[in-house]
Amino acid sequence: MTVVAEPEFDVVGTNLRKPDGLPKTTGAARFADDLKLPRMIFCRLLRATRPHARIVAIDTSAAETLPGVCAVITGDALPIKYGVLPVGQDEQALCTDKVRYVGDAVAAVAAVDEETAERALDLIEVSYAELPTYLTIEEGLTRPGEPIHEGKFGNAHRAVALEFGDVDAALAGADHVFEDTYFFQGNTHLPLEQHACVAEWNPAGKLTMWTSTQSPHYVHKELAKALGLREDQVRVIAPPVGGGFGGKLELFQHEAAAARLAMLTGRPVKSALNREEVFYCHRGRHPVLMWVKTGWSSDGCLLGMDFQSFVDGGAYTSYGAASLYYTGALQTVCEHIPAYRFQGVRVLTNKPPCGPKRGHGTPQPRYALECHFDSVAERLGMAVLDLRRKNFLGPNAQTVNHLRITSNGLEQCVDIVDHESKFAERTGRLPFGKGVGFAVGAYLCGAGLPLYWNDMPHSAVDIRLDRSGLVTVSCGQIDIGQGSNAMLVTVVSEALGARPEQISLVSADTDLTPIDLGSYSSRVTFMAGNAAISAANQLRNLLVNAAADELDVPVDELVLRRGELWRRDRLGPKLTFPELVKLAESHGGALTATGSYKPPRLGGPYKGSGVGPSPAYSYSAAVVEVDVDPLTGWVTVDRVWLAHDIGRALNPVLVEGQIEGSIYMALGEVLMEEQEFRGERGPRVLGVHRIPSMLEYKSPTTFETPEIRTFLIESHDPEGPFGAKEVGQGPLLPVIPAVANAVHDAVGVRIDETPITPEKVLKALESAAKRHGPARVPSYPFPRLIKVAPPWESVAP
Amino acid sequence: VLPRSPRLPLTLHVNGQDLDVFVPVHKTLLEVLREDLDLTGTKHGCELGECGACAVLINGQPVLSCLALPVEYQAPSSILTVEGLADGATPHPLQDAFAELGAAQCGYCTPGMLLTAKALLDAAPAPTRDQIVEALSGNLCRCTGYVKIFEAVELAAGRLREAVA
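Residues numbered from 1 in each chain as written. Chains lettered and ligands numbered in written order. Predicted model: local features only at pLDDT ≥ 70, side-chain atom pairs only at ≥ 80, totals over all residues. Heavy atoms only, no water.

**Focus: the overall build of chain B**
Move 1: Each helix and strand counted, chain B has five helices and five strands in total.
Move 2: Ordered by position from the N terminus, the helices and strands of chain B form the series β-β-α-β-β-β-α-α-α-α.
Move 3: The globule rule puts the C-alpha radius of gyration for 165 residues at 15 Å, and the 16 Å found for chain B is close to it.
Move 4: Each principal axis of the C-alpha distribution contributes one length, and for chain B these read about 55 × 30 × 25 Å.
Move 5: Residue burial in chain B is summarised as follows: out of 165 residues, 55% are buried.
Move 6: Pairs at least 24 apart in sequence give 54% of the contacts found in chain B among residues at least 6 apart.
Move 7: Separation between the mean location of the 11 positive side-chain charges and that of the 19 negative ones in chain B comes to 5 Å. (Helix = DSSP H or I, 4+ residues; strand = E, 2+ residues; numbered from the N terminus. Rg over C-alpha atoms; globule rule 2.2 N^0.38 Å. Buried < 20%, exposed > 50% of the residue type's maximum accessible area, 1.4 Å probe, protein only. Contact = heavy atoms within 4.5 Å. Lys, Arg positive; Asp, Glu negative; His and termini not counted. Charge placed at Lys NZ, Arg CZ, Asp CG, Glu CD.)

**Observations regarding the overall build of chain A**
Move 1: Secondary structure summary: chain A contains 19 helices and 31 strands in total.
Move 2: Relative to its length of 797 residues, chain A is compact, with a C-alpha radius of gyration of 27 Å against a globular reference of 28 Å.
Move 3: By its C-alpha atoms, chain A is 85 × 75 × 55 Å across when sized along the principal axes.
Move 4: Pairs at least 24 apart in sequence give 80% of the contacts found in chain A among residues at least 6 apart.
Move 5: The centroid of the 77 positive side-chain charges in chain A is displaced by 2 Å from the centroid of its 95 negative side-chain charges.

**A few points about the interface of chain A and chain B**
Move 1: If you look at the interface, chain A gives 53 residues, while chain B gives 51 residues.
Move 2: Both faces combined, the contact of chain A with chain B buries some 4300 Å², and carbon together with sulfur accounts for 55% of it.
Move 3: Of all residues in chain A, A:Thr25, A:Leu192 and A:Thr702 bury the most surface against chain B, accounting for 16% of the area lost on that side.
Move 4: Of the charged contacts, one joins A:Lys36 and B:Asp38 as a salt bridge, the two residues approaching to 2.9 Å between their closest N and O atoms.
Move 5: Where chain A packs against chain B, one counts 33 residue pairs in polar contact (both at pLDDT 80 or more). (Buried area = accessible area lost by both parts, 1.4 Å probe. Salt bridge = Lys/Arg side-chain N within 4 Å of Asp/Glu carboxyl O. Polar contact = N/O pair within 3.5 Å; in protein donor to acceptor, adjacent residues only side chain to side chain.)

**Quick word on the pattern of salt bridges**
Move 1: Summed over all chains, the structure comprises 69 salt bridges over all chains.
Move 2: Residues A:Lys98 and A:Glu146 are paired through a salt bridge, measuring 2.8 Å at the closest nitrogen-oxygen approach. Of this pair, A:Lys98 sits in strand β4 (residues 98-99) while A:Glu146 sits in the loop between α4 (137-142) and β7 (156-164), and the two are 48 residues apart along the sequence.
Move 3: With its nearest N and O atoms 2.9 Å apart, the salt bridge here joins B:Lys148 to A:Glu660. Of this pair, B:Lys148 sits in helix α5 (residues 147-164) while A:Glu660 sits in helix α17 (residues 652-671), placing the two residues on different chains.
Move 4: Several salt bridges converge on common partners, so that one network encompasses A:Glu6, A:Asp10, A:Arg561, A:Arg562 and A:Arg570.

**Details of helix α6 (residues 216-227) of chain A**
All names here are of chain A.
Move 1: For α6, spanning twelve residues, the distance from its first C-alpha to its last is 16 Å, which sits close to the expected 16 Å at 1.5 Å a residue.
Move 2: The element α6 is extensively covered by neighbouring structure, given that ten of its twelve residues are classed as buried.
Move 3: For α6, every residue scored as buried is listed here: Pro216, His217, Tyr218, Val219, His220, Glu222, Leu223, Ala224, Ala226 and Leu227.
Move 4: Of the surrounding secondary structure, the elements contacted by the buried residues of α6 are β10 (206-211), β11 (234-237) and α7 (253-265).
Move 5: At the C-terminal side of α6, Gly228 shows a positive phi close to 70°. (Expected span 1.5 Å × (residues − 1).)

**Topic: the packing of helix α10 (residues 363-380) of chain A against helix α18 (residues 732-747) of chain A**
Residues and elements named next belong to chain A.
Move 1: Relative orientation of the contacting elements α10 and α18 amounts to 35°, with a least axis distance of 8 Å. Like other packed secondary-structure pairs, α10 and α18 cross with a definite hand, here right-handed. Where α10 abuts α18, its residues Pro363, Arg366, Tyr367, Glu370, Cys371, Asp374 and Glu378 lie against Leu732, Leu733, Ile736, Pro737, Ala740, Asn741 and His744. (Axes fitted to C-alpha atoms, helices over the stretch in contact; angles between N-to-C directions. Left-handed = near helix turned anticlockwise from the far one by under 90°.)

**Here's the deal with the sheet that holds strand β23 (residues 564-567) of chain A**
Residue and element names in this part refer to chain A.
Move 1: Overall, antiparallel pairing links the three strands, which are arranged β22-β23-β24 in an open sheet. Each of the sheet's edge strands pairs with one partner strand only, and the pair in question is β22 (558-561) and β24 (575-576).
Move 2: Sheet topology places β22 next to β23; four bridges connect them, and they run antiparallel. Across the sheet, the residue bridging to Leu560 is Leu565, located in β23. (Pairing = 2+ DSSP bridges.)

**Quick word on α7(A)**
All names here are of chain A.
Move 1: End to end, α7 covers 18 Å across 13 residues, agreeing with the expected 18 Å (1.5 Å per residue, within 8%).
Move 2: Restricting attention to buried positions, one finds in α7 the residues Gln253, His254, Glu255, Ala256, Ala257, Ala258, Ala259, Arg260, Leu261, Ala262 and Met263.
Move 3: Positive backbone phi, at 70°, marks Gly266, one or two positions downstream of α7.

**Considerations on the nonpolar core**
Move 1: Counting residues in hydrophobic clusters, the biggest one holds 149 residues, and the most contacted among them are A:Val333, A:Phe438, A:Val735, A:Val739, A:Val743 and B:Phe98.
Move 2: Considering each element in turn, this core owes the most residues, eleven residues, to α18(A).
Move 3: By size, the runner-up hydrophobic cluster in this structure holds 51 residues, among which are A:Val11, A:Cys445, A:Ala495 and A:Ala584. (Core = buried A, V, L, I, M, F, W, Y, C linked by side-chain atoms within 4.5 Å.)

**Overview of the environment of A:Pro86**
All names here are of chain A.
Move 1: Mapped onto the elements of the fold, Pro86 is located in the loop between β3 (69-74) and β4.
Move 2: Sequence spacing of Pro86 and Tyr452 is 366 residues, and the spatial spacing of their C-alpha atoms is 6.2 Å.
Move 3: Sequence-distant contacts of Pro86, that is, excluding residues within four places in its chain, are made with Leu451 and Tyr452.

**Observations regarding the packing of aromatic side chains**
Residue and element names in this part refer to chain A.
Move 1: According to the stated counting rule, one finds 17 aromatic pairs over all chains in the structure shown.
Move 2: Taking 5.7 Å as the distance between ring centres and 55° as the angle between the ring planes, the aromatic pair formed by Phe310 and Phe782 counts as tilted. Taken together, the residues span a long stretch of sequence, with Phe310 in strand β14 (residues 302-314) and Phe782 in the loop between β30 (771-772) and β31 (786-788) at a distance of 472 residues.
Move 3: Given a relative accessible area of 14%, Phe782 falls into the buried group. (Phe/Tyr/Trp six-rings, centres within 6.5 Å; stacked < 30°, edge-to-face > 60°.)

**Focus on unusual backbone geometry**
Move 1: Note that the residue after A:Thr754, namely A:Pro755, is joined by a cis bond; omega there is -10°.
Move 2: Inspection of the secondary structure puts A:Pro755 in the loop between β29 (750-751) and α19 (758-766).
Move 3: Backbone torsion omega between B:Ala75 and B:Pro76 reads 15°, so that peptide bond is classified as cis.
Move 4: For B:Pro76, the position within the fold is in the loop between β4 (61-64) and β5 (78-80).
Move 5: With a phi angle near 65°, A:Arg570 is a residue other than glycine that sits in the positive phi range.
Move 6: Mapped onto the secondary structure, A:Arg570 falls in the loop between β23 and β24.
Move 7: For A:Arg570, a relative accessible area of 35% corresponds to the partly exposed category.
Move 8: One non-glycine residue, A:His716, lies in the positive phi region at around 50°.
Move 9: Mapped onto the secondary structure, A:His716 falls in the loop between β28 (707-713) and α18.
Move 10: When its relative accessible area of 40% is taken as the criterion, A:His716 is described as partly exposed.

**Considering the side chain of A:Glu277**
Move 1: Within the secondary structure, A:Glu277 sits in helix α8 (residues 275-281).
Move 2: Among all residues touching A:Glu277, those that are not within four sequence positions of it are A:Arg44, A:Arg47 and A:Ala272.

**Observations concerning the sheet that holds β7(A)**
Two modes of strand pairing occur in sheets, parallel and antiparallel, and in both the strands are linked by backbone hydrogen bonds.
Residue and element names in this part refer to chain A.
Move 1: Taken in spatial order, the six strands of this open sheet run β8-β13-β14-β15-β7-β31, and their pairing is mixed. Two strands lie at the open edges of the sheet, namely β8 (176-184) and β31, each paired on one side alone. Put simply, the sheet's adjacent strands are angled 10° from each other on average, direction ignored.
Move 2: In this structure, β8 lies alongside strand β13 (residues 288-296), joined through nine bridges in antiparallel fashion. Bridging across to β13, Thr181 finds its partner in Trp291.
Move 3: The strands touched by α10 within the sheet are β8, β13 and β14, with β8 carrying the most contacts at an inclination of about 140°.

Here is the structure:
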């Protein structure tokens, strides 16, 4: 028997072209605002000009009579409250009783064109009765008056208090105890594509909504609720999405309004937001004020950590209950922490709601932690890498808060960025003004739990084989640019033994495709990927069994790869894929299979344990080299080295692209981006976004792009599809604190508040403490601590 | 309420063809391309001249179509949009290189990037990295960190030079 050496994989690990690559470079890809239906009309929203006010009256009579106006609606047309979290049913498509931030919608117009709709908005008269305005965490917690939402604790939306092990005892027994305070400013996603949707109503009782969303599924559920329709009456289709980063993950007011107007007028309705509206829709990075205290042994072992976060939520829940928990959940997954306490509160303010942005609630505490560790090393007189390497958790571990760690390539990541950047040799030794900074990070490969409690799969993939050889793969997943379409083609062709060009994808259509929860929490590769492998394996077995019967050879004597089947001993002719499908169809009927994926049951025995568990964690390490001008405070990032534990790179060029994009976004957050509102620093027109334009909201351009070197560490995750883990979010995490640490290395100041602007660097240089950042956190009566024994102390359940 | 604006009949030379439109005088070139000529490949990110997503070439030069009025660019001014970049069904080397290197992630800034890059390569067939950085500095991208875009422009430039040689 001749043995021919075959590569381990045919498609996995190759730089397969994205199936949507050419459509996106030729203008053929149709985004939501590119859609045009016969008789389509246009919707515009009237948005609140007050940050917090009761709606006394709305007069729409003049708008209704303007020629070209088809319909005008106010809150009574859409009164049902909704929200993406079951605990956050606090939004309305058009406000009925009061407005809670500048930009909240109060009325909607449909007209023959956008210009007419805009003119009609000018004719609507709203009278408001002003209410007290809360624009900061401090104001939300202390200013008296009517709270933004009814609740037991005023504007304190939600609070958490958890303790794992005995933190006070750990700190009391420590040789050294250090504490620091940090502030992470809010910022927004700024996708290039402004949100847009088209709604069409079939009078037989079906609403179809094309919309730029990262989660057709959650929009489907929320939209049905807001409209008072059964869920089977609503179909949500996501065309290609022009950037999401977490900002298009729930129902927005314009979507519900367009849908209702389509139902009222019987015509398709488009609603496309302008850039200013996108800034006000937000759902971006929460501003978070943080305090951390740690205890250490004299030789640098971390003994305990006490952490508090004060989270500025904006005016609604959105994803905020989860965001709050995420500011305390993943502190534990890099280092071994024997005792850990987390207390946090999310405060409502009269600003656009915050929500999930790349890293969802974890970049803020990661920034605090990594800066704190850098500072601790300095205070202990230890080299930072020595201190860090003493405490890493390693693979196959349990964290104090009951998170399960499987594959973990963090130490390899640290070694390679240190080696390549010569960090250890250069830190502390570069000339004044030049510095290197180091940090690590970790992120989920999909949240372990769905947003609403259920035991169903998180992702499913249908595969249908046609006798032509076509492989139709259907999945609810949506490619928002991260490359999930390419991921499915790679995984299915590899597992099935087909060629990538045989595969046709059907995605993101709630009528046609099986469930996928959405493109968030870095879950699609892990979850849809595993579902696809399951479906492909079922079909592969049917194909190979049919061939084995036909050829009268044992199944394990057959090889199916690259769209062909042959005998391992190379005897007899090869069968082509269409021949194989015809054979199998003749044996057993039409060929279709469904695979699904649900994460294993994870998480500890305590309330609040639902946030943090994931079937796997990705790890990253970064070194950043900066130039800081001590005269102007200007920080230039010259070079970034980033190593990422990807598990396995299914497509290296796309993995690199996600890392480079994460570094870019991190540099924007740490150096320039701020979502800032008038009134936060002195009285003005309260609650108005200071810079709602792409010119003034500074984001990095080509000029700010450093030299980037990426390194992929393949730790082969035991549960990931072909061992793969996430890459879309994790690599952002270490870059932000690495820049702050590099600034310290360069000019000796700690900037404990993002963004690190030239003004803050100068202030710190001029200060006695050589620091800029918050002095303290408020004193807040957190709820009674839920005390949880660490897993190594608890009795097996 | 202002009266509706007057409309003008105009002939625009787009992607090699004379096309007639009858549009309000204040309607931008971006809107006319997308809404009246169905050339939706040209994108909009701000409609204020800030992001570069709507860049098209007019007589070979990049112009932000959201700030341009069609009346200024009537035929014989030659307008090129992303739909006119390919040679029939054969993609332009820039289109191919962007697809190959994943330089189009979400793809929304891509048409503006491609046309701006084409203007650069027409003027400088062997651009340095600094020239690429400068040429694309008015085009924002939120996905890629620009690195793959630079590499794709360099790859396409090399292939274009080989094709000429």
